[in-house]
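Listed below are the residues making up each chain.
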Amino acid sequence: MGDAEIIPIGTRGRPGRGAGKTSSSAARGLAPTAKPAAKPTAKPAAKPEPAAVAPVKAAPKPKPKPKPKPKPAPDEVEVEVAAPRPPATTVDRDPAAGIPVGDWLAAIQVGAREVFGEQWEPQLAQFLAFLRRRVTGDYTVDEYGFDQEITQRFFMATLRPIAEKWFRIEVRGAENIPTTGGALVVSNHSGTVPVDGLMTMVSIYDATGRHLRPLGADLVFRMPFVSTLARMGGTTLACNEDAERMLSGGELVGVWPEGFKGIGKPYSERYKLQRFGRGGFVAAALRTGVPIVPLSVVGAEEIFPLVGNLPSLARLLGLPYIPITPFFPWLGPLGLVPLPSKWLLEFGEPIRTDELDEGAADDPMLVFNVTDQVRETIQQTLYTLLMQRQSVFR
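Residue numbers restart at each chain and count upward from 1, following the sequence in its written direction. Per-residue local features of the predicted model are confined to residues with pLDDT of at least 70, and side-chain atom pairs are confined, for both listing and counting, to 80 or more; whole-chain, interface and lining totals are unaffected and use all residues. Computation of side-chain values covers all heavy atoms of the structure but excludes hydrogens and water.

**What to know about the overall build of the protein chain**
In step 1: Each helix corresponds to a stretch of at least 4 residues labelled H or I by DSSP, and each strand to a stretch of at least 2 residues labelled E; elements are numbered beginning at the N terminus. Broken down by element type, the protein chain carries 11 helices and 9 strands.
In step 2: The proportion of buried residues among the 394 residues of the protein chain is 32%.
In step 3: Sequence separation of at least 24 residues holds for 75% of the intrachain contacts in the protein chain that already meet a minimum separation of 6.
In step 4: Accessible surface is estimated by sampling points in the Shrake-Rupley manner with a 1.4 Å probe; for residues, cover comes only from the protein chains shown. Carbon together with sulfur atoms contributes 60% to the accessible area of the protein chain, which is approximately 27,100 Å² in total. Each residue is assigned to one of three classes by its accessible area relative to the maximum for its type, calculated with a 1.4 Å probe on protein chains only: buried under 20%, partly exposed between the two thresholds, exposed over 50%. A contact between two residues is defined here by any heavy atoms of the two lying within 4.5 Å.

This is the structure we're talking about:
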């Protein structure tokens, strides 16, 4: 009983952590142990704020599946009938612009009438027919190479504005040209460049409706491109055989007896006729018995006034002459434009040859007399027209 441990009254039950242990140790004779240092407690970190949670959408309700249609019986198959199309119209529409094609064509026709006149549709049809004939070869060319269709549609159409607007040609005595049968038109030659022959062709055609068949020099047929055009326009070589064949065939033949001596004479000798050669054209007219119609041309001498020549260079190039005018070659190609002089063409009374004897063409003296008569008629008419002319350009 004396060794019993005395427990304080407040320590019943579970002994405390402090005094109970010390008393026990001291009672057992053990040295008191040092109390371990308290460990520093870390401050608890702040709790993170909860992240914003996106609202969750409710899942869509599944659509009810359509009930399959019952398959019809084989004898009850339905046939789908297409909707009826609107009736077709004659006017289609342009899908790009939405403009009716008929209205578009009508507008083109109206514009074409304003530009080309009311006759543009027949003219277009004629031109297309012309192209078809040329492509298929449905056209005629005579034994001399004369293409009448090309001459009327292109050559005459090109020369006519020059004759009417640029040279303002006045034709006199057109009634002296025979309307049918063969005839020989004899004219003076001038102008440095043989433009007078082309103007005579278009003037005779417009006055009488007949094509003049010129007799050209051999130089014309030595030039590649010019020879083809000359043949198509009705020109043939100036020889008695061709001239007699044409006259016998009823053609209207043109000849310029002065040749290069006439167109190459200087400006100081203008309107003075040169020699008419040996009269071969008169012999052809006498053999065929056709009339000779003298023609006098005033105005052609002034289109290219010839003031000089280069004979050495001309012989080197095989040309009859190389002209020098107040504008050529100084102005280059511009110097080749003819001056717009006023032209007068007068056809004299025909000289009949059918009243002469059959062998008159073989008589040199008779041929010379007829040639001189034609030359004098043209020369006197030139003097008369020059006296009547008030100005070169009016």
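**Some details on the pairing of strand β6 (residues 292–298)**
In step 1: Burial analysis of β6 places 7 of its 7 residues in the buried class, which makes it a mostly covered element.
In step 2: Burial along β6 is two-sided: Ile292, Pro294, Ser296 and Val298 and Val293, Leu295 and Val297, pointing in opposite directions, are all buried.
In step 3: A pair of strands counts as paired when DSSP detects no fewer than two bridges linking them. Pairing of strand β2 (residues 183–187) with β6 involves 4 bridges; the strand directions are parallel. Residue pairing for β6: Val185 is matched across the bridge by Val293.

**Quick look at the side chain of Thr381**
In step 1: Note that Thr381 resides in helix α11 (residues 364–388).
In step 2: A relative accessible area of 19% means that Thr381 is categorised as buried.
In step 3: By the criterion applied in these results, polar contacts are pairs of N or O atoms within 3.5 Å in which, for protein atoms, one can donate a hydrogen and the other can accept it, and in which residues neighboring in sequence qualify only through two side-chain atoms. A polar contact is formed between the side chain of Thr381 and the backbone oxygen of Thr377, at a distance of 2.7 Å.
In step 4: Excluding residues within four positions of it along the chain, Thr381 makes contact with Ser296 and Glu346.

**Section: α11**
In step 1: In this model, α11 (25 residues) spans 37 Å end to end at C-alpha, consistent with the 36 Å of a helix rising 1.5 Å per residue.
In step 2: For α11, the set of buried residues is Val367, Val370, Thr371, Val374, Ile378, Gln379, Thr381, Leu382 and Leu385.
In step 3: Considering only its buried residues, α11 is in contact with β1 (170–172), β2, α9 (280–288), β6 and β9 (344–347).
In step 4: For α11, the side-chain oxygen to backbone nitrogen distance between the N-cap and Met365 is 3.3 Å, and the N-cap itself is Asp363. For a helix, the expected span equals 1.5 Å multiplied by the residue count minus one.

**Side note on the sheet that holds strand β3 (residues 212–216)**
In step 1: The strand order across the open sheet built from 7 strands is β1-β9-β6-β2-β5-β3-β4, with neighbouring strands paired in mixed fashion. The outermost strands of the open sheet, each flanked by one partner alone, are β1 and β4 (236–237).
In step 2: All axes here are fitted lines through C-alpha atoms, helices being fitted over the stretch that makes contact, and every angle between N-to-C directions spans 0 to 180 degrees. Helix α5 (residues 195–208) rests against β1, β3, β5 (252–255), β6 and β9 of the sheet, and its axis sits at about 165° to β3.
In step 3: Packed on one face of the sheet, α11 meets β1, β2, β6 and β9 and runs near 30° to β6.

**Remarks on the confidence of the model for the protein chain**
In step 1: A residue-level look at the protein chain finds 70% of positions with pLDDT of 70 or above and a mean pLDDT of 80.
In step 2: In this model residues 88–96 is a low-confidence stretch, pLDDT under 50, and it forms 11 contacts with partners more than four residues away in sequence or in other chains. Note on scores: pLDDT gives the predictor's confidence for each residue, bounded by 0 and 100.

**Describing the packing of helix α4 (residues 148–166) against α5**
In step 1: Direction vectors running N to C along α4 and α5 enclose 100°, while the axes themselves pass 9 Å from each other. One way to sum up the angle between α4 and α5 is to call them roughly perpendicular. Within the contact between the two elements, α4 uses Gln152, Met156, Leu159, Arg160, Ile162, Ala163 and Glu164 and α5 uses Leu198, Met199, Met201, Val202, Tyr205 and Asp206.
In step 2: Following the grouping adopted for this structure description, the nonpolar residues are Ala, Val, Leu, Ile, Met, Phe, Trp, Tyr, Cys and Pro, the charged ones are Asp, Glu, Lys and Arg, and the polar ones are all others, Gly among them. Considered class by class, the residues forming the contact of α4 with α5 number 9 nonpolar, 1 polar and 3 charged. Oblique is the label for any angle not covered by the other classes, which are roughly parallel (under 35 degrees), roughly antiparallel (over 145) and roughly perpendicular (65 to 115).

**Describing the pairing of β9**
Regular strands show a simple pattern: their side chains alternate between the two faces of the sheet.
In step 1: Bridge analysis of β1 against β9 gives 3 bridges, and the strand direction is parallel. Paired with Glu170 across the bridge in β9 is Leu344.
In step 2: Relative to β9, β6 is paired through 4 bridges, and the arrangement is antiparallel. Note that in β9 the partner of Ser296 across the bridge is Glu346.

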